[in-house]
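# Commentary on secondary and tertiary structure
Here's the letter readout for the chains.
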Amino acid sequence: EDQVTQSPEALRLQEGESSSLNCSYTVSGLRGLFWYRQDPGKGPEFLFTLYSAGEEKEKERLKATLTKKESFLHITAPKPEDSATYLCAVQYYYGGSQGNLIFGKGTKLSVKP
Amino acid sequence: GAVVSQHPSWVICKSGTSVKIECRSLDFQATTMFWYRQFPKQSLMLMATSNEGSKATYEQGVEKDKFLINHASLTLSTLTVTSAHPEDSSFYICSARDGTGRSELFFGSGTQLSVL
């Protein structure tokens, strides 16, 4: 059973067309939820960490929010350079210690000019 | 953020040969590094945790004799794919935490391995 599910799998937007990506998780004892951006053939680039429900983080055109069951990555007025795969990962308490990150499969975002 | 350097970026090798991938933390010391594997359109899957000065911890299903990990210093971890076969072809990525207590991982640029 997937513990981290991202949707949609792919998203095509026109430049300036705002939208949201979803990351739902089923783990209990969430320690942190992370968003990364990954360009083709590259390693993931860290964007945000969210720790508790209600928390929000912003960076340029991106805003990440967190509830008890899911997180959203909102993209406002995207530009072609925002095209990438966006990965969500969760970390939960495991055996009293810091657990590893569990990644979703990502959402591939394409922004057309 | 912390900088993790990984090389080579890509490597092509013949079946049966071994390939070594290096992962360095450039501006911090990393007692622990993590090696991931990624297939197209799939999640990053943790292969092993590399511990400086001690044996690596491998995830279930990962062959420790095939994927040799050496963490000889606080800034360098290496992954050696021994006797590589075509099914080992994948994108390998290393990562580390920056040592400040933060939870996020910082990733290298990845290595695309193609075994012919």
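Presented here is an overview of the structure given in this document. No experiment lies behind these values; they were computed from the predicted model shown.

### With respect to the overall build of chain B
When helices and strands are counted, chain B shows zero helices and 11 strands. Shown N-terminal to C-terminal, the secondary structure of chain B runs as helices and strands in the order β-β-β-β-β-β-β-β-β-β-β. Taking 116 residues into account, the globule formula puts the C-alpha radius of gyration at 13 Å, and chain B, at 13 Å, falls close to it. Along the longest, intermediate and shortest principal axes, the C-alpha atoms of chain B span 40 × 30 × 25 Å. Only carbon and sulfur atoms are counted for the fraction: they give 53% of the accessible area of chain B, which is about 5,600 Å².

### Describing the nonpolar core
Soluble globular proteins tend to bury their nonpolar side chains together. Formed by 40 residues in total, the largest nonpolar core has its most connected members in A:Tyr36, A:Leu101, A:Phe103, B:Tyr36, B:Phe107 and B:Leu113. Counting residues per element, this core draws most heavily on strand 9 (residues 90-96) of chain B, which supplies five residues. In this structure A:Tyr36 touches A:Pro44, A:Glu45, A:Phe46, A:Leu47, A:Thr85, A:Tyr86, A:Leu87, A:Leu101, A:Phe103, B:Glu104, B:Leu105 and B:Phe107, once residues within four positions along its chain are discounted. Ranked by size, the runner-up nonpolar core spans 26 residues in total, among them A:Val27, A:Ala84, A:Val90 and A:Ile102.

### With respect to the sheet that holds strand 3 (residues 19-25) of chain B
Residues and elements named next belong to chain B. Across the sheet, four strands lie side by side as 1-3-8-7; this open sheet has antiparallel pairing. Looking along the sheet, the strands with just one partner apiece sit at the ends: strand 1 (4-7) and strand 7 (67-73). For this sheet, the mean inter-axis angle between neighbouring strands, taken without regard to orientation, is 15°. Here five bridges tie strand 7 to strand 8 (residues 76-81), and the two strands are oriented antiparallel to one another. Pairing of phenylalanine 67 across the sheet is with valine 81, part of strand 8.

### A few points about the sheet that holds strand 1 (residues 4-7) of chain A
Whether parallel or antiparallel, the strands of a sheet pair through hydrogen bonds between backbone atoms. All names here are of chain A. If you walk across this open sheet you meet the five strands as 1-3-8-7-6, and the pairing is antiparallel. A single partner strand is all that each edge strand has here, and the edge strands are strand 1 and strand 6 (56-59). Direction aside, the axes of adjacent strands within the sheet are offset by 15° on average.

### Points about a nonpolar patch on the surface
All names here are of chain B. Side chains of Trp10, Ile12 and Leu116 sit close together on the surface and give an oily, nonpolar patch of about 390 Å² of accessible area. Positionally, leucine 116 belongs in the segment after strand 11 (111-115). According to the relative accessible area criterion, leucine 116 is exposed, its value standing at 64%.

### Here's the deal with the pattern of salt bridges
Counting across every chain of the model gives eight salt bridges over all chains. The partner of A:Glu56 in a salt bridge is A:Lys63, with the nearest N and O atoms 3.9 Å apart. For A:Glu56, a relative accessible area of 47% gives the class partly exposed. Residues participating in the shared-partner salt-bridge network are B:Asp98, B:Arg102 and B:Glu104.

### What to know about unusual backbone geometry
Of note, the amide linkage connecting A:Ser7 to A:Pro8 takes the cis form, showing an omega dihedral of -10°. Relative to the helices and strands, A:Pro8 is located in the loop between strand 1 and strand 2 (10-14). Put simply, B:His7 and B:Pro8 share a cis peptide bond, and its omega is 10°. The phi dihedral of A:Glu60 is positive, around 55°, even though this residue is not glycine. Within the secondary structure, A:Glu60 sits in the loop between strand 6 and strand 7 (62-66). One non-glycine residue with positive phi stands out, namely B:Lys41, at about 60°. Structurally, B:Lys41 is set in the loop between strand 4 (32-38) and strand 5 (44-51). Among the residues examined, B:Lys41 registers a relative accessible area of 71% and is labelled exposed.

The rules behind the values
- Residue positions are given per chain, counted from 1 along the sequence in the order it is written.
- Here the convention is simple: chains get letters from A, ligands get numbers from 1, in the order in which they are written.
- The model is predicted, so local features are restricted to residues of pLDDT at least 70 and side-chain atom pairs to those at 80 or more, both for listing and for counting; the totals for chains, interfaces and linings are taken over all residues.
- Calculated side-chain values reflect all of the structure's heavy atoms, with hydrogen atoms and water omitted.
- Strands here are runs of E lasting at least two residues and helices are runs of H or I lasting at least four, both read from the DSSP assignment and numbered beginning at the N terminus.
- All radius of gyration figures rest on C-alpha atoms, and the globule criterion is 2.2 Å times the number of residues raised to 0.38.
- Note on areas: these come from Shrake-Rupley sampling with a 1.4 Å probe, and a residue is covered only by the protein chains present in the view.
- Buried Ala, Val, Leu, Ile, Met, Phe, Trp, Tyr and Cys residues that are joined via side-chain atoms within 4.5 Å together make up what is termed a nonpolar core.
- Note on classification: 1.4 Å probe, protein chains only; a residue is buried when its accessible area is under 20% of the maximum for its type, exposed when over 50%, partly exposed between these limits.
- Contacts were defined at the residue level, with two residues in contact if any of their heavy atoms lie within 4.5 Å.
- Strands were regarded as paired on the criterion that DSSP finds at least two bridges between them.
- Axis definition: a line fitted to C-alpha atoms, over the contacting stretch in the case of helices. Angles run 0 to 180 degrees between N-to-C directions.
- For patch detection, residues must exceed 30% relative accessible area and be free of salt bridges, and they are connected within 9 Å for like charges or within 5 Å for nonpolar side chains (Val, Leu, Ile, Met, Phe, Trp, Tyr).
- Counted as salt bridges are all cases of a side-chain nitrogen of Lys or Arg within 4 Å of a carboxyl oxygen of Asp or Glu.

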